[in-house]
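# Structural characterization, general
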Amino acid sequence: MKPKSLVLFIAFLLSTPLIAERTTQLRDDWQLQSACKATAAGDAISTTQFSAESWLKTTVPNTVLAAQVKAGVFPDPYFGDNLRKIPGTSYPVGHNFSNLPMPTDSPYACSWWYRKEFNAPALSAKDDRLWLHFGGINYRGEVWVNGHKIADSALVAGAYRTYDFDITEFVVRDKANVIAVKTSAPTEKDLGINWVDWNPCPPDKDMGLWGPVSLVETGSVTVRSPLVVTHFSDGSLSRADLTVYAELHNASSHPVKGILTGTAAGARFEKPVELAANEDQTAVFSPEQFPALRLQNPKPWWPRQMGEPHLEQVTVSFTTEGRTTDEQSASFGIREITSELTSNGSRLFRVNDKPILIRGAGWSQDMLLRSDDRRLRDQFDLVHDMNLNTIRLEGKLETDEFFRLADERGILVMLGWCCCDHWEHWKDWKPEDLPIATASLRSQMLRLRHHASLLVWLNGSDNPPPADVEKAYLQVESETHWPNPILSSATGTPTTVTGESGVKMTGPYDYVAPSYWYTALKFGGAIGYNTETSPGPAIPSLASRKLFLPDPEAWPPSPTWSLHFGGGEFVNLKVFDSSMEAVYAKPNSAADYERVAQTMEYDSERAMFEAYSRNKYTSTGVVQWMLNNAWPSMIWHLYDYYLDTGGGYFGTKKACEPLHIQYAYDDHSIDVVNSTYAGAANLRATVHVYGLSWNELYSAHVNVDSNADSAQRAFVVPANLFTGAERIFFIDLSLADSSGHVVSHNFYWVPATLTTFDWDSTDYTHTPAARHEDLTALAHLPTAQVDAQAEIQNTRHGREIQVHLTNRSNALAFQLRAAVRTPSGGLIAPIFWSDNWIELKPGESTTLTAQLPEGENAIPTVQLDGWNVAPVSLTPTTAVAAR
């Protein structure tokens, strides 16, 4: 038994994450076994005398199923129907398993033990402490060290809580020690980890040690969670007032006096501090008391779109009797993020007093909560390449590396709790749930609050919390000095506590024609801040489908394909498929289906982002649902699970380019959107309009001075042009700088009559078409002859392929796609193309560049095809000269 004071101390530690320099990561040499097989008690399992030789070998972090998959117990659950064959996966396809009870015959209805032997470091002073840190346990746990129960499942409960246990008195030096953790999966009445309708839920409900585990050595007084909050005195940003916070804890049984010192962006500060036995204290250094924290002409942190994401360092340490007991450092940005309601009631965010149009997408972790740092870096590169400025996390509160990358890359993060399970089933909450929820929030506030990239925290997603819960959340956020805006939810529902949110969550999530985004202003169209919305499905390439389908070219698709659709209302693609047949063509093969789908995705994603960009700041933000997938999926992504990029990716990249020319479906205007924060003078905007037979119908040009962060009309294509006999119009736009260099090129295929929407039948998924537009003639374009050559060369950025294209025919080459593959057609990803899914006018030439992944040293193949261009495979020649 442990002393009562230790029990109380552990209860405090549940919500105060601790990371210090003297840290030993406990990653390797763990053992895993079901408690239904390992029936011994924790006091036996957590001793060196216990034999666990037959247990599964694993590393941590790993959920139970992730460890089993890594060990080969089950084949890849992402391939075909393998997931459905894993014991315990008996819930109906498309249902939200988090809201269903665990099947009684599931192997994951049992608890599972994690066990590890370790050597304890020698502590150098009498009052030094050794802490056992857990970065995430899903959902309940018992923690044992050397036969002693450190915490029980009443104390360890909550997927998003972090824990630090003082194990100083329970470890032995110079001998082996044992940690044993008994984990249990969340029930349908717990605040677990939930995949909504995005993808299936694994049968273990992601139970286990999903966060890192470490040993941390400190002295008697610990320093936790340093935070620097910035306030600029005015819009010139010439003076920044910094306030520094740090959380202190005296782990000893006697008072301690000492000096708390630190630096922030080079500014020094210190003061004497006294802590009573076992006291917790928040230390504050204000610029009023410490004038050194009033910085002149500081270097601010900016989102990459606005400037340089410059980071500074804060370090705080506590010293007593000439000895430093603990020291913590963190990166931070000198930046101030605020929000306000515009005249139309929309939520507008400002960074360092400058407004920013949020253009982002929703993030998902891997379904088994596996993490890979290189994969994270690749995904941040993809986000940057698309010119997006924000990632939204609905739950799925990622690793420390994720947030470090967001800070460094200048990508804003919009984060908060998840919808659609017990997190928002407040009427069903048990007395223990609010304390678990607030402890979870406290853990995440203290873990994350110092990051420069954090834009806003959402206390609810699809619904705002009731008043008592919202007040409890706000109290935690106040106590932890959360420095950024807070919203009650991702919806427009006001609360009695905080009033209007200023955002909307009105969909759609399924396919709508491009003109929707300009006309559906009462729904998901380009007004206000749409926190999640999408034109729906995203069909992966054949090279990707080969990695998760046994029949990737089946036509019609086999039932296995449907396992990789969404859940709920998205268990089929009927809205998308019926629109494809009505608007474009009925596909006759999987290749046809992929080709038309990619074009639909390009056109719709481009229109969504362009509509919101044109209407800034009547529109203040849009978040594509989603950015990526938790497993291989046919819906909701801008790049697929394997990091392959498709039509939606390049439509987004086109729409969000820094200086951009675009066409508007509602009024035929040609607009120039400047998403930089510098003006661009003497631009030349040009439009050419062609008929289906490539007969020129209209052309014009105009000089434009584009102001910083602006959207302005260049000219309007005459409306009477669209009333004649032509069925389809090709609109070719270009924007050149004063030297004649083209900085933006954009090409549209516009029907004479746009889709008519059945607004009265709108639901949260989409607005159906009362009458579809007609683009079927695109399937019968005359064949275009395109000459293509490829070369590969080394550059300072790595290996690059250049694809030189020339249209030798008199016909438009429509929706040309280039793909880098292995010689056998296998996937190589990610590839960073300069452009893709392009059009080539008769006689036109262009060069596409493709940056190859690091370590990809073989000579690949370049596949080229288009709607009316015969497929060809190119073997790149090797260029001698390096650039």
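Attention in this report is confined to the structure presented alongside it.

Rules used throughout
Residues numbered from 1 in each chain as written. Predicted model: local features only at pLDDT ≥ 70, side-chain atom pairs only at ≥ 80, totals over all residues. Heavy atoms only, no water. Helix = DSSP H or I, 4+ residues; strand = E, 2+ residues; numbered from the N terminus. Rg over C-alpha atoms; globule rule 2.2 N^0.38 Å. Buried < 20%, exposed > 50% of the residue type's maximum accessible area, 1.4 Å probe, protein only. Contact = heavy atoms within 4.5 Å. Areas by Shrake-Rupley, 256 points an atom, 1.4 Å probe, with all protein chains shown as cover. Lys, Arg positive; Asp, Glu negative; His and termini not counted. Charge placed at Lys NZ, Arg CZ, Asp CG, Glu CD. Pairing = 2+ DSSP bridges. Phe/Tyr/Trp six-rings, centres within 6.5 Å; stacked < 30°, edge-to-face > 60°. Disulfide = S-S within 2.5 Å. Salt bridge = Lys/Arg side-chain N within 4 Å of Asp/Glu carboxyl O. Axes fitted to C-alpha atoms, helices over the stretch in contact; angles between N-to-C directions. Parallel < 35°, antiparallel > 145°, perpendicular 65-115°, else oblique. Left-handed = near helix turned anticlockwise from the far one by under 90°. Polar contact = N/O pair within 3.5 Å; in protein donor to acceptor, adjacent residues only side chain to side chain.

Further remarks concern the overall build of the protein chain. A count of helical and extended segments in the protein chain gives 14 helices and 49 strands. Here the C-alpha radius of gyration of the protein chain, 29 Å, is about what a compact globule of 883 residues would show, namely 29 Å. Overall, the protein chain is about 90 × 65 × 65 Å in size when its C-alpha atoms are taken along their principal axes. Considering the protein chain as a whole, with its 883 residues, one finds that 62% of them fall into the buried category. Look at the contacts in the protein chain between residues 6 or more apart in sequence, and 72% of them connect residues 24 or more apart. Surface accessibility of the protein chain: about 31400 Å² in total, with carbon and sulfur atoms responsible for 50%. A distance of 3 Å separates the average location of the 72 positive side-chain charges in the protein chain from that of its 101 negative side-chain charges.

In this section: the sheet that holds strand β41 (residues 786-795). The strands making up a sheet associate through backbone hydrogen bonding, with each pair oriented either parallel or antiparallel. Here five strands make up an open sheet; going across it, the order is β44-β46-β42-β41-β49 and the pairing mixed. For this open sheet the edge positions go to β44 (832-833) and β49 (877-878), each flanked by a neighbour on one side alone. Where β41 and strand β42 (residues 798-807) come together, 10 bridges link them in antiparallel fashion. Paired with Asp 787 across the strands is Thr 806, a residue of β42.

We now examine the packing of aromatic side chains. Enumeration according to the criterion identifies 52 aromatic pairs in this entry. For the ring pair Tyr 91 and Phe 97, a centre distance of 4.4 Å and an interplane angle of 10° mean the geometry is stacked. Side by side, Tyr 91 and Phe 97 carry an identical accessibility label, which is buried. For the ring pair Phe 402 and Phe 403, a centre distance of 5.1 Å and an interplane angle of 80° mean the geometry is edge-to-face.

Time to look at the environment of Ile 86. Within the fold, Ile 86 resides in the loop between α4 (82-85) and β5 (112-119). By relative accessible area, Ile 86 is classed as buried at 3%. Once the C-alpha coordinates of Ile 86 and Leu 65 are considered, the two residues, 21 residues apart in sequence, prove to be 9.6 Å apart. Here Ile 86 is in contact with Leu 65, Phe 74, Pro 77, Tyr 108 and Pro 203, once residues within four sequence places are set aside.

Looking now at the state of the cysteines. Scanning the entire structure with this criterion turns up two disulfides. The disulfide partner of Cys 36 is Cys 110, and the gap between their sulfur atoms is 1.9 Å. As the torsion about the S-S bond is roughly -95°, the Cys 36-Cys 110 disulfide counts as left-handed. Within this pair, whereas Cys 36 is found in the loop between β2 (30-34) and α2 (42-45), its partner Cys 110 is found in the loop between α4 and β5, the two being separated by 74 residues in sequence. On the accessibility criterion, Cys 110 (16% relative accessible area) is buried. The side chain of Cys 419 participates in a disulfide bridge whose partner is Cys 420; the two sulfur atoms lie 2.1 Å from each other. Across the S-S bond linking Cys 419 and Cys 420, the dihedral sits near -80°, which makes this disulfide left-handed. Taking only the cysteines that form disulfides and numbering them from first to last, the protein chain has the pattern 1-2, 3-4. Of all cysteine sulfurs in the structure, the one in Cys 418 sits closest to Cys 201, which takes part in no disulfide; the separation is 11 Å. Taking the relative accessible area as the measure of exposure, Cys 201 reaches 4% and is therefore buried. Cys 419 provides the cysteine sulfur closest to Cys 418, a residue in no disulfide bond, and the two sulfurs are 4.9 Å apart.

What follows deals with the pattern of salt bridges. Opposite charge on two side chains permits pairing when their charged atoms draw close. Considering all chains together, one arrives at 41 salt bridges under this definition. Across the pair Arg 392 and Glu 532 runs a salt bridge whose closest N-O atoms are separated by 2.6 Å. Here Glu 532 lies in strand β30 (residues 528-533) and Arg 392 lies in strand β26 (residues 390-394), a separation of 140 residues in the sequence. We note that Arg 392, like Glu 532, is buried. Note that Asp 433 and Lys 430 form a salt bridge whose closest N and O atoms lie 3.3 Å from each other. Given a relative accessible area of 0%, Asp 433 falls into the buried group.

Here His 564 is to be found in the loop between α11 (559-562) and α12 (574-583). As a C-alpha pair, His 564 and Met 306 span 258 residues in sequence and 38 Å in three-dimensional space. Non-local contacts of His 564, meaning those with residues more than four positions away in its chain, are made with Tyr 78, Gly 80, Phe 548, Leu 549, Trp 631, Pro 632, Ser 633 and Met 634.

Direction vectors running N to C along helix α7 (residues 433-448) and helix α8 (residues 467-479) enclose 30°, while the axes themselves pass 10 Å from each other. For the element pair α7 / α8, the angle class is roughly parallel. Relative to α8, α7 is oriented so that their crossing is right-handed. Residue-level contacts link Leu 434, Ala 437, Thr 438, Leu 441, Arg 442 and Met 445 of α7 to Val 469, Ala 472, Tyr 473, Val 476, Glu 477 and Glu 479 of α8.

We now examine the side chain of His 310. Here His 310 shows up in the loop between β19 (294-296) and β20 (312-320). Within the local environment of His 310, its side chain forms a polar contact with the side chain of Glu 312, the two groups lying 3.0 Å apart. Beyond its immediate sequence surroundings of up to four residues, His 310 is in contact with Lys 299, Pro 300, Trp 301, Trp 302, Phe 332 and Gly 333.

When its relative accessible area of 1% is taken as the criterion, Arg 392 is described as buried. Polar side-chain contacts of Arg 392 include one of 3.2 Å to the side chain of Ser 461. A polar contact is formed between the side chain of Arg 392 and the backbone oxygen of Thr 531, at a distance of 3.4 Å. Those residues in contact with Arg 392, other than ones at most four positions away along the chain, are Ala 361, Gly 362, Trp 363, Met 414, Leu 458, Ser 461, Ala 490, Thr 531, Glu 532, Val 623 and Trp 625.

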